[in-house]
Amino acid sequence: MTTREVTWTGANARTLERQGLSTPASGSPAGPPPGDPAGPAADGALPGSPAGVTAAMLGAHAQVLSAAELSVATRLGGGATRTTVRDALWKEGSLVKTYGPRGTVHLLAREDLPMWTGALSAIPGGRATAPGPAGMSDEQTEQVVEAIGDALHGTSLTVDELTDAIVERTGSWAGDPVMEAFQTLWPRWRQVTHLAAHRGVLAFGPNKGRKAAYTNPEITPLDGPAALDELVRRYLVAYGPATPAHFAKWLAAPKGWANSVFTASAEQGLIEEVAYEGERAWIAAGDGSFPRAAPSGVRLLPYFDAYTIASQPRELLFAGSAYRRALAGGQAGNYPVVLVDGTVRGVWHQKRSGKRIAVTVEPIGDELERSRNRRELAEQVERVGMILEGTAELTVGEVTVGAHA
C-alpha cells in the first residue's frame, strides 16, 4: 500500500485553522468537524471559549501569565481581552493554571486535567527529588504529596501557609530549608511541587496579595495508558503529522519512550502513518483531511506560544534567516514572533507605560513590506492593544532587547 504524502503547507494550514489563527475561533471549529473519527479538540468545550481554544492548543505556556492571556485571547473573536481569559481562570474555573508539559507552568482546560495528570505521571524520568541529604525517600515523597492534597482540600494557601500545613502533617524534616533557589533556600517539600501537580492534588489559585497561592483542583487522573493514548491522538490532531521525536521534544520526554508510545497507538489502530516532508510521520486515525489553500495572513504571537513551540519541522516554520534571528540556540519561544502566511517573518517586542503600549516589529525578509501585509500588521498591533486593554502604537525597526526580555 502506498503511504500517503502530506506537505508542510497543508499541515501548517490545518494547524492554523484548528487553533483559530487563520480565522477567529468563534465561528470556526477548534478541531476536526463533528463526526470526524479524530473527534473534537476537547469534548464539551466550546470552540470559541477560552477553554476551547486552550484545549485545541494543548495548553498555553504561562510562566509569564500575560503571554498566556495573549496566546488565548488572540485566538478568540468577539472582542476578547485579557480579562476574558482571567475570568475563565479565576472566576469560571474553566481554565486551570498548573504544571503542564515540560514541567513548565501552563493554562490547561479543566476538562483536560484528568488526561494531562494521567499522561504526565506516566512519563518516565529520574528521581522525583534531589539526591543526597537534601532529598527525600520514596516514602517521604508519598507522605508529602498526600499532605499537600489534604492541606489544599477546599482552600487556597500561600507557600508559607502550605509549608506549615505540610510540616504539621508529616514532620519538621519536610520544612527544612535545603533547596537552593534564587539565592535563597526553599523548604525540602518544594521538590515535589511538580509531582503533586501531576498527581492532580495541586494547582495555582488566585494570588493572595503579592504572594502566589495553591489549591487542590480535586480531579482524578486517568489511567496512564488511556491518558497517553488520548494525549497522542490530541497532539496529532493539533500538530500532526508528527514523529515520536517531535512528541518527545514537545513533552521533554525520552525519545525511546515516545517511540514505544507511538508503536502502541499504531498497534491499536489509533494513529496512521504518512510521509511528511520526506520523513515517516503519523496522524490520528481517520484525520487525513488537509486544506488545499496555503496559509494566509499576518499574526503576532507572544513568548512561548504553543504554535511556535509544537509546530514541526522547525526549520520550515523558522525559514531562512528567521532560524538565526527568532530562535535562541534552536529553542523556540524566547522571542515573540510575527507570522506571515504561516511562517515566521519577524520578531516583536512590547513595552507598556500606563495605557500606552509601544510595539516594535523587526521584519525578517521583505514580506512585511507588501501593502497588504503592512495593513494586516497594523490591524494585529491594534488587536494586541485591545487584548491588553490599552492603546498600541506600532514602530517598525530593530528589536534591541534580548531573548525572553
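Please read these numbers as outputs of a predicted model, since none were measured by experiment.

S.K.: What exactly am I supposed to notice about the overall build of the chain here?
M.R.: Helix and strand counts for the chain stand at 15 helices and 16 strands. Taken over the C-alpha trace, the chain has a radius of gyration of 22 Å; the compact-globule value for 405 residues is 22 Å, and the two agree within 12%. Across its three principal directions, the C-alpha atoms of the chain cover 65 × 60 × 40 Å. Buried positions account for 55% of the 405 residues belonging to the chain. The long-range share in the chain, meaning contacts at least 24 apart out of those at least 6 apart in sequence, stands at 63%. Of the charged side chains in the chain, 38 are positive and 43 negative, and the gap between their average positions amounts to 6 Å.

S.K.: How should the sheet that holds strand 9 (residues 211–215) be read in this particular structure?
M.R.: If you trace the 3 strands from one edge of the open sheet to the other, you get 5-9-8, paired in antiparallel fashion. If you trace the sheet from one side to the other, it starts and ends with strand 5 (156–158) and strand 8 (203–208), each paired once. When strand polarity is set aside, the average angle formed by the axes of neighbouring strands in this sheet is 40°. Strands in contact with helix 7 (residues 159–170) are strand 5, strand 8 and strand 9; relative to strand 5, the strand with the most contacts, it is inclined by about 100°.

S.K.: Sorry, what's going on with the pattern of salt bridges here?
M.R.: Oppositely charged side chains are able to pair whenever their charged atoms sit close together. The final tally for this structure, using the stated rule, is 20 salt bridges. Salt-bridge contacts for lysine 208 lead to glutamate 161; the nearest nitrogen and oxygen are separated by 3.2 Å. Note that lysine 208 is positioned in strand 8 and glutamate 161 in helix 7, a separation of 47 residues in sequence. Between glutamate 393 and arginine 356 there is a salt bridge, with its nearest N and O atoms 2.8 Å apart. On the criterion of sequence distance, the pair formed by glutamate 393 in strand 16 (residues 391–396) and arginine 356 in strand 15 (residues 356–363) is long-range, its members being 37 residues apart. For glutamate 393, a relative accessible area of 37% puts it in the partly exposed group. The class for arginine 356 is partly exposed, based on a relative accessible area of 41%. By sharing partners, the salt bridges in this structure join Asp112, Glu230, Arg233 and Arg234 into a single network.

S.K.: What is the right way to read the packing of helix 9 (residues 224–239) against helix 10 (residues 244–251) from this model?
M.R.: Helices that pack against each other are described as a pair by the angle of their axes relative to one another and the distance between those axes. Where helix 9 meets helix 10, the axes come as close as 12 Å, and the angle between the chain directions of the two elements is 105°. When the axes of helix 9 and helix 10 are compared, the pair comes out roughly perpendicular. Here Leu231, Val232 and Tyr235 of helix 9 come into contact with helix 10, specifically with His246, Phe247, Trp250 and Leu251.

S.K.: What's the story with the sheet that holds strand 11 (residues 279–284) in this structure? I'm lost.
M.R.: Pairing is mixed across the open sheet formed by 3 strands, whose spatial order is 1-10-11. Looking along the sheet, the strands with just one partner apiece sit at the ends: strand 1 (5–6) and strand 11. In terms of strand pairing, strand 1 meets strand 10 (residues 271–276) through 2 bridges, oriented parallel. Considered in strand 10, the bridge of glutamate 5 is made with alanine 275.

About the cut-offs
Residues numbered from 1 in each chain as written. Predicted model: local features only at pLDDT ≥ 70, side-chain atom pairs only at ≥ 80, totals over all residues. Heavy atoms only, no water. Helix = DSSP H or I, 4+ residues; strand = E, 2+ residues; numbered from the N terminus. Rg over C-alpha atoms; globule rule 2.2 N^0.38 Å. Buried < 20%, exposed > 50% of the residue type's maximum accessible area, 1.4 Å probe, protein only. Contact = heavy atoms within 4.5 Å. Lys, Arg positive; Asp, Glu negative; His and termini not counted. Charge placed at Lys NZ, Arg CZ, Asp CG, Glu CD. Pairing = 2+ DSSP bridges. Axes fitted to C-alpha atoms, helices over the stretch in contact; angles between N-to-C directions. Salt bridge = Lys/Arg side-chain N within 4 Å of Asp/Glu carboxyl O. Parallel < 35°, antiparallel > 145°, perpendicular 65-115°, else oblique.

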